[in-house]
Amino acid sequence: MSAIDTAKTDIRAMVDHLFRARAGQMVATLTRILGFEHIDLAEDVVQEALLTALRRWPHHGVPENPAAWLVQVARNRALDQLRRRANWRGKEDEIRRSLTVFAEKDPGTGPGDAAFGHEVRDDRLRMMFACCHPALSRESQVALTLKTVGGFGTREIARAFLSHPATIAQRLVRAKRRLRTLGVRLEIPGPDELPARLDAVLEVIYLLFNEGYSATEGEALVRHDLCHGAIHLAELVADSPVTDLPRVHALAALLLFQGARLAARIGDDGVPARLHEQDRTQWDRAMIVRGVRRLQRAAHGDVLTRYHLEAEIAASHCLAPSVEATGWRQILDCYDQLLHLHPSPVIALNRAVAVAEVHGPSQALDALEALVEDQALADYPLLWSTRADLLARLGRSAEATADLERARALSASRPAQRFLDKRVAEVTEHPVRHGGFQDDADCDDADCDDAD
Amino acid sequence: MGQFLLLLHELPDDFTEASPSEMQGIIQEYVAWRNGLDQRGKLVGSNKLADDGGRILMKGADAIRVTDGPYAEAKEVIGGYFLIEAADYDDAESMARTCPHLTYGHRIEVRAIDTAYEP
């Protein structure tokens, strides 16, 4: 029987998301050491290390340095497998040396990559490039990123994307097989390929964030984790020397600003809160500050990207002391530029919201006419709910109600339906009143973009 | 007051499908439960048993027979134990009831240490 060492049982040694973060880090580094063709082995080794912790720590307490413990166990398992298998193509010694180095660097207990060293961060970046390889479908890129770099489980990914674990599992198997067949290696793409490959990585991160942002109920916890995971990945890419580019900082800024408002997006009644209804004291000030710093780092070079403009818009909201003091003219200006850069119906819709604030609802309605005629957004509930708000502000409540009902018929999620029911009641009770817009309108819906 | 052994039975496949986040959550629940016992002065000892079936010795007709313990697929094994202080079975049971093992593992066997003839 072992003596109880109460110093070792301190749960505080396990920071939030320790396992998820370490899983992503260890899989990336082990895959780089063993070679991409052995990615399954790398994942098994990491899973085994976590399982060992699960079976052991309840009895023997959490070690003082949980991360270092996990790395040691993973390293030993990997060495074990190295011994047992034959297909290392003469690289056994090199691998053994790399595994030793891997375990000797003390990861410390900090959750950030700074504690783990630049090499691990770079391994995760390399893994991101592999996961976002152009040969894979966007769905596969997203799933593979979440699983390997993100440290999410198959079931969690399935829940987040309203899919089945078996579907996700198959998708992962096929994606990995595809990459193995192509002989993909864990490396940063060369300078010719880098810009395009980086753009793919940024799009995947953006998509990940949007998945998390757009959900409001049910699996809220996983969805919030997606947002924070996306922010973490954006910052990982922004902080890596090779990809330390203004547009990456811009994306990180955008996600930080949006993420800062996550807590306030659902009202106390469980219904999505519109911008003017949100309790701004719930906005995460620390994240907003981080967003501002990223925006400053994005303000270099001479390439203006959609991420820059979207970040500016998000910053305008976050930095406004109140909804009345929001710089709508600035925002409209950004939307004008954004539309020029990236013509999309959803951006045009969001722009119309800004037009209403600057020039009044009539002009905004005019701006929407083209969209309505175009049919591109005919099945997009936000088009109708936005138009409804404009009509309501002009006292045209019967038409507003008709549009709200149309929006409701198109809404699949319960929170959206409840929101619209509430709006219908409001419009009927108070025919002329400032409507204000759903916060959703600020976040460009990437799914809609794919329809371009 | 007496001592009771909580034997944690589990199947080898328990937890294997859990995600990293889920595993951390499970560990935190176990450790919190255990810390709770410890803070109340109820925890005497705890150990995880090694991942093998151990050995079973039995006297045969003319020799001692030794076989491998039950560490095979789908066979329940004792993964570890907690030795606790409790007033009686009801008390021990009430402590065992809150153990996360009932959610995540298989079953808990509660056995009293025999103190019948203590002076």
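Refer to the preceding data block for the structure.
The following paragraphs examine the structure supplied in this document. (Residues numbered from 1 in each chain as written. Chains lettered and ligands numbered in written order. Predicted model: local features only at pLDDT ≥ 70, side-chain atom pairs only at ≥ 80, totals over all residues. Heavy atoms only, no water.)

**Focus: helix 1 (residues 20–39) of chain B**
Residue and element names in this part refer to chain B.
Right, so step 1: End to end, helix 1 covers 28 Å across 20 residues, agreeing with the expected 28 Å (1.5 Å per residue, within 8%).
Right, so step 2: The set of residues buried in helix 1 consists of Pro20, Ser21, Met23, Gln24, Ile26, Ile27, Tyr30, Val31, Trp33, Arg34, Asn35 and Leu37.
Right, so step 3: Looking one or two places after helix 1, you find Gly41, whose phi comes out positive at around 75°. (Helix = DSSP H or I, 4+ residues; strand = E, 2+ residues; numbered from the N terminus. Expected span 1.5 Å × (residues − 1). Buried < 20%, exposed > 50% of the residue type's maximum accessible area, 1.4 Å probe, protein only.)

**Concerning empty space enclosed by the protein**
Right, so step 1: Using the criterion set out here, one finds five cavities of 30 Å³ or more in the structure.
Right, so step 2: What the second largest cavity holds in volume is close to 100 Å³.
Right, so step 3: The wall of the second largest cavity is formed by Leu54, Arg55, Pro58 and His59 of chain A together with Leu8, Glu10, Phe15, Tyr30, Lys48, Gly79 and His101 of chain B.
Right, so step 4: For the lining of the second largest cavity, the elements supplying multiple residues, two or more each, are helix 2 (39–60) of chain A together with strand 1 (2–10) of chain B.
Right, so step 5: With four residues, the single largest contributor to the lining of the second largest cavity is helix 2 of chain A. (1 Å grid on protein atoms, 1.4 Å probe; cavity = no way out; pocket = protein on both sides within 12 Å on 5 of 7 lines; lining within 4 Å. Points joined across faces, edges and corners; volume = space filled by probe spheres on them.)

**Focus on the packing of aromatic side chains**
Two descriptors summarise a pair of aromatic rings, namely the distance from one centre to the other and the angle between the planes of the rings.
Right, so step 1: A full pass over the atoms with the stated rule returns six aromatic pairs over all chains.
Right, so step 2: Ring centres of Phe209 of chain A and Tyr213 of chain A lie 5.6 Å apart, and the angle between their planes is 25°; on these two criteria the pair is classed as stacked. Taken as a pair, Phe209 of chain A and Tyr213 of chain A lie in helix 10 (residues 194–214) at a separation of four residues, close to a single helical turn.
Right, so step 3: With a centroid separation of 5.0 Å and an interplanar angle of 85°, the aromatic rings of Trp33 of chain B and Phe82 of chain B are classed as edge-to-face. One end of the pair, Trp33 of chain B, is in helix 1; the other, Phe82 of chain B, is in strand 5 (residues 77–86), and 49 residues separate them in sequence.
Right, so step 4: A relative accessible area of 0% means that Phe82 of chain B is categorised as buried.
Right, so step 5: Here the aromatic cluster, defined as three or more aromatic residues joined through ring pairs, consists of Phe19, Trp57 and Trp69 of chain A.
Right, so step 6: Its guanidinium or amino end placed over the ring of Phe152 of chain A, Arg20 of chain A lies 4.1 Å from that ring's centre, counting from NZ or CZ.
Right, so step 7: Above the face of the Trp384 of chain A ring, Arg406 of chain A is positioned so that its terminal group lies 3.8 Å from the ring centre. (Phe/Tyr/Trp six-rings, centres within 6.5 Å; stacked < 30°, edge-to-face > 60°. Lys NZ or Arg CZ within 6 Å of the ring centre and 35° of its normal.)

Nothing here speaks to function; it is all geometry.
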